[in-house]
Amino acid sequence: IDQTTLGHQFLLKELGVVPKVGWQIDPFGHSATQGGLLTSSVGFDALFFGRIHYVDLQNRQEKAECEGLWKSAPDNSSVFWGLTGSYSGNYGAPDGFCFDALCADDPLVGLEKDALKERIKLFTKSLGVQANRTKGRNIMLTFGMDFQYSQARK
């Protein structure tokens, strides 16, 4: 909370903006108090989490409950929460679509028309799997992991 507040103060002073969406990549547990602080105290409209226990994640994926509204603020306000881990990994690209120099996935550039169509079908299938793990109409498409995209390939 302290780091978020400090960051918001810096961004407001230097750029004149305050973020409305947060992303906690490596949280290890959350309390009801934290939900309240991340809504009314720092002004988030949405909050994404990067890690969750694998059993909890599996249950949420099967029940399409990988997002929701967190209501724990004293003023009864709520914040949207979502699990980036519900997207078949923590926050990496869909399988087969990592284009960093450190990844072994084949690039799309230069593919023949039929091969490109097949890759697009795989990509949209992956998006469908992700969409079926949530109840909303929107998904978060992530394309990065630790130390990736320092030198992206085409």
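Here's a quick rundown of the structure. All values reported here derive from a predicted model rather than from experimental measurement. (Residues numbered from 1 in each chain as written. Predicted model: local features only at pLDDT ≥ 70, side-chain atom pairs only at ≥ 80, totals over all residues. Heavy atoms only, no water.)

## Section: the overall build of the protein
Logical step 1: Along its length, the protein carries 4 helices and 4 strands.
Logical step 2: A separation threshold of at least 6 residues defines the contact pool for the protein, and within that pool the share at least 24 residues apart is 67%. (Helix = DSSP H or I, 4+ residues; strand = E, 2+ residues; numbered from the N terminus. Contact = heavy atoms within 4.5 Å.)

## Focus: the packing of aromatic side chains
The description of an aromatic ring pair uses the distance of the two centres, along with the angle that the planes make with each other.
Logical step 1: Scanning all chains against the criterion turns up 2 aromatic pairs.
Logical step 2: On the numbers, 6.4 Å between centres and 85° between planes, the contact of Phe-97 with Phe-99 is edge-to-face. Judged on exposure class, the residue Phe-97 and its partner Phe-99 are both buried.
Logical step 3: Seen in terms of ring centroids, Phe-97 and Phe-123 are 5.1 Å apart; in terms of plane orientation they differ by 65°. Their pairing is edge-to-face. Of the two residues, Phe-97 is situated in the loop between strand E4 (78–83) and helix H4 (113–131) and Phe-123 in helix H4; the sequence distance between them amounts to 26 residues.
Logical step 4: Among the aromatic residues, ring-to-ring pairing joins Phe-97, Phe-99 and Phe-123 into one connected group.
Logical step 5: We note Arg-119 situated over the ring of Phe-97; from NZ or CZ to the ring centre the distance is 4.8 Å. (Phe/Tyr/Trp six-rings, centres within 6.5 Å; stacked < 30°, edge-to-face > 60°. Buried < 20%, exposed > 50% of the residue type's maximum accessible area, 1.4 Å probe, protein only. Lys NZ or Arg CZ within 6 Å of the ring centre and 35° of its normal.)

## Some remarks on H4
Logical step 1: A rise of 1.5 Å per residue sets the reference length of H4, with its 19 residues, at 27 Å; its end C-alpha atoms lie 27 Å apart and thus fit the reference within 8%.
Logical step 2: Of the residues making up H4, those classed as buried are Arg-119, Phe-123 and Gln-130. Buried residues of H4, viewed axially, fall in a sector of 40°; they line one side. For H4, the exposed residues lying more than 90 degrees away from the buried face are Lys-113, Asp-114, Lys-121 and Lys-125. (Expected span 1.5 Å × (residues − 1). Arc of directions from axis to C-beta.)

## Remarks on the sheet that holds strand E3 (residues 67–71)
Note: strands within a sheet are paired through backbone hydrogen bonds, in either parallel or antiparallel orientation.
Logical step 1: Taking strand neighbours across the sheet as the criterion, the 4 strands line up as E1-E2-E4-E3 in an open arrangement whose pairing is mixed. Two strands close off the open sheet at either side, each with one partner strand: strand E1 (21–24) and E3. Shown here is a sheet whose adjacent strand axes are inclined to one another by a mean of 25°, direction ignored.
Logical step 2: In this sheet, E4 lies alongside E3 in antiparallel orientation, the contact comprising 5 bridges. In the sheet register, Lys-71 faces E4, and the bridge partner there is Ser-78. (Pairing = 2+ DSSP bridges. Axes fitted to C-alpha atoms, helices over the stretch in contact; angles between N-to-C directions.)

## Considerations on the nonpolar core
Logical step 1: Ranked by size, the top nonpolar core spans 10 residues in total: Leu-38, Val-42, Phe-44, Leu-47, Phe-49, Cys-66, Trp-70, Val-79, Trp-81 and Leu-83.
Logical step 2: In terms of residue count, E4 provides more of this core than any other element does, 3 residues in total. (Core = buried A, V, L, I, M, F, W, Y, C linked by side-chain atoms within 4.5 Å.)

## Some points on the side chain of Arg-119
Logical step 1: The residue Arg-119 is located in helix H4 in this model.
Logical step 2: Notably, Arg-119 is buried but unbridged: the nearest opposite-charge side chain belongs to Asp-106, and the N-O separation is 5.1 Å.
Logical step 3: Among all residues touching Arg-119, those that are not within four sequence positions of it are Gly-96, Phe-97, Phe-99, Asp-106, Pro-107, Leu-108 and Leu-111. (Lys, Arg positive; Asp, Glu negative; His and termini not counted. Salt bridge = Lys/Arg side-chain N within 4 Å of Asp/Glu carboxyl O.)

## Details of the environment of Phe-147
Logical step 1: With respect to the helices and strands, the residue Phe-147 is situated in the segment after H4.
Logical step 2: Taking the C-alpha atoms as reference, Phe-147 lies 9.1 Å from Leu-102; in sequence the two are 45 residues apart.

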